[in-house]
Amino acid sequence: MSNREISTAVIKRLPRYYRYLGELSEAGVERISSRELSQQMKVTASQIRQDLNNFGGFGQQGYGYNVQYLREEIARILGLDRTHNMVIIGAGNLGMALANYAKFERNSFRVICLFDSNPELKGKEVRGIPVRMIEELPEFLRENSVEIAALTIPKEYAITTAKILVENGIQAIWNFAHTDLNLVVPKNVAVENVHLSESLMRLSYNLKTIENEK
């Protein structure tokens, strides 16, 4: 794979390729051309070839792509060829929903603990995943191998909590709090800010566009 920087747009499409290839594999499809894949993904065949050529191509002239092999290679590129231990900070509705999402394990993400400040939740479990008190977080992180933390807490606690996570070895933060953390954590810590309201606003814009075209 080339050492040149890969564009954000390409990286955002890789999980879609991985998901579609998984569906094709489950359906018993062994190989597929870029044209056939483009018809399913609504991305041009040339775009697919350009994206994959960033990492080596993986296709054969006149054959297309071996579905299982390409999926495994994309999994390797995305770091899904190994298990990532994850904790969830905030055991409210969203935190519980994330903990209940069993497909995380299928995609190499293993939730091993939830943390919350509500004493009524202490000792409870979600799919066998324990809920601990937030004051136990630093010691837990020091004693367990955890790479990723999901933040599902109010924004007024997000920055303080993020600093605790970084100080105790967390390498990546999946942030659902309504504040961007990129400016408050070191550059060697990966942050993915998820703003659900912004996604809904984009949906509203697309809805308005469709209505205006009628």
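Anything mentioned here points back to the structure above.
Described in the following lines is the structure provided in the data block. (Residues numbered from 1 in each chain as written. Predicted model: local features only at pLDDT ≥ 70, side-chain atom pairs only at ≥ 80, totals over all residues. Heavy atoms only, no water.)

Notes on the packing of helix α1 (residues 8–26) against helix α2 (residues 34–41)
Then step 1. It is the contact of α1 with α2, at a shortest axis distance of 11 Å, that shows an interaxial angle of 105 degrees. Relative to α2, α1 is oriented roughly perpendicular. Contact with α1, carried on its side by Arg16, Tyr17, Tyr20 and Leu24, involves Leu37, Gln40 and Met41 of α2 and no other residues of that element.
Then step 2. Counted by class, the contact of α1 with α2 contains five nonpolar, one polar and one charged residues. (Axes fitted to C-alpha atoms, helices over the stretch in contact; angles between N-to-C directions. Helix = DSSP H or I, 4+ residues; strand = E, 2+ residues; numbered from the N terminus. Parallel < 35°, antiparallel > 145°, perpendicular 65-115°, else oblique. Contact = heavy atoms within 4.5 Å. Nonpolar A, V, L, I, M, F, W, Y, C, P; charged D, E, K, R; others polar.)

Considerations on a nonpolar patch on the surface
Then step 1. Where nonpolar side chains cluster on the molecular surface, the patch consists of Ile159, Leu183 and Val184 and spans about 290 Å² of accessible area.
Then step 2. On the secondary structure map, Ile159 appears in helix α8 (residues 155–167). (Patch = residues over 30% accessible without salt bridge, like charges linked within 9 Å, V, L, I, M, F, W, Y side chains within 5 Å. Areas by Shrake-Rupley, 256 points an atom, 1.4 Å probe, with all protein chains shown as cover. Salt bridge = Lys/Arg side-chain N within 4 Å of Asp/Glu carboxyl O.)

Quick notes on the packing of aromatic side chains
Then step 1. According to the stated counting rule, one finds five aromatic pairs in the structure shown.
Then step 2. Arranged with centres 5.3 Å apart and planes meeting at 70 degrees, the rings of Phe115 and Phe140 form a pair that is edge-to-face. A residue pair is termed long-range when its members are at least 10 positions apart, and Phe115 in strand β4 (residues 109–116) and Phe140 in helix α7 (residues 137–143) qualify at 25 residues.
Then step 3. On the basis of relative accessible area, Phe115 is assigned to the buried category, the value being 0%.
Then step 4. Overall, Phe140 belongs to the buried group, its relative accessible area being 8%.
Then step 5. Centroid distance Trp174 to Phe176: 4.7 Å. Interplanar angle 65 degrees. Geometry classified as edge-to-face.
Then step 6. For Phe176, a relative accessible area of 11% gives the class buried.
Then step 7. Grouped by ring-pair contacts, the aromatic residues Tyr101, Phe104, Trp174 and Phe176 constitute a single cluster.
Then step 8. A cation over an aromatic ring shows up here: Arg71 above the ring of Tyr18, its NZ or CZ 4.1 Å from the ring centre. (Phe/Tyr/Trp six-rings, centres within 6.5 Å; stacked < 30°, edge-to-face > 60°. Buried < 20%, exposed > 50% of the residue type's maximum accessible area, 1.4 Å probe, protein only. Lys NZ or Arg CZ within 6 Å of the ring centre and 35° of its normal.)

Some remarks on the sheet that holds strand β9 (residues 190–193)
Then step 1. Read from one edge to the other, the open sheet built from seven strands follows the order β5-β6-β4-β3-β7-β8-β9, with strand pairing classed as mixed. In this open sheet, the two edge strands, each paired with only one partner strand, are β5 (125–126) and β9.
Then step 2. Two elements, strand β3 (residues 84–89) and strand β7 (residues 148–151), share four bridges in a ladder whose sense is parallel. The partner of Ile88 across the bridge, within β7, is Ala150.
Then step 3. α8 contacts β3, β7 and β8 (172–175) of the sheet and is inclined by roughly 170 degrees relative to β7. (Pairing = 2+ DSSP bridges.)

Section: the pattern of salt bridges
Side chains that carry opposite charge are capable of pairing whenever their charged atoms lie near each other.
Then step 1. Here the structure, examined in full by the defined rule, presents six salt bridges.
Then step 2. The salt bridge partner of Glu26 is Arg106, with a shortest N-O separation of 2.9 Å. Here Glu26 is found in helix α1, whereas its partner Arg106 is found in helix α6 (residues 103–106), with 80 residues between them in sequence. As far as the burial class goes, Glu26 and Arg106 line up, both exposed.

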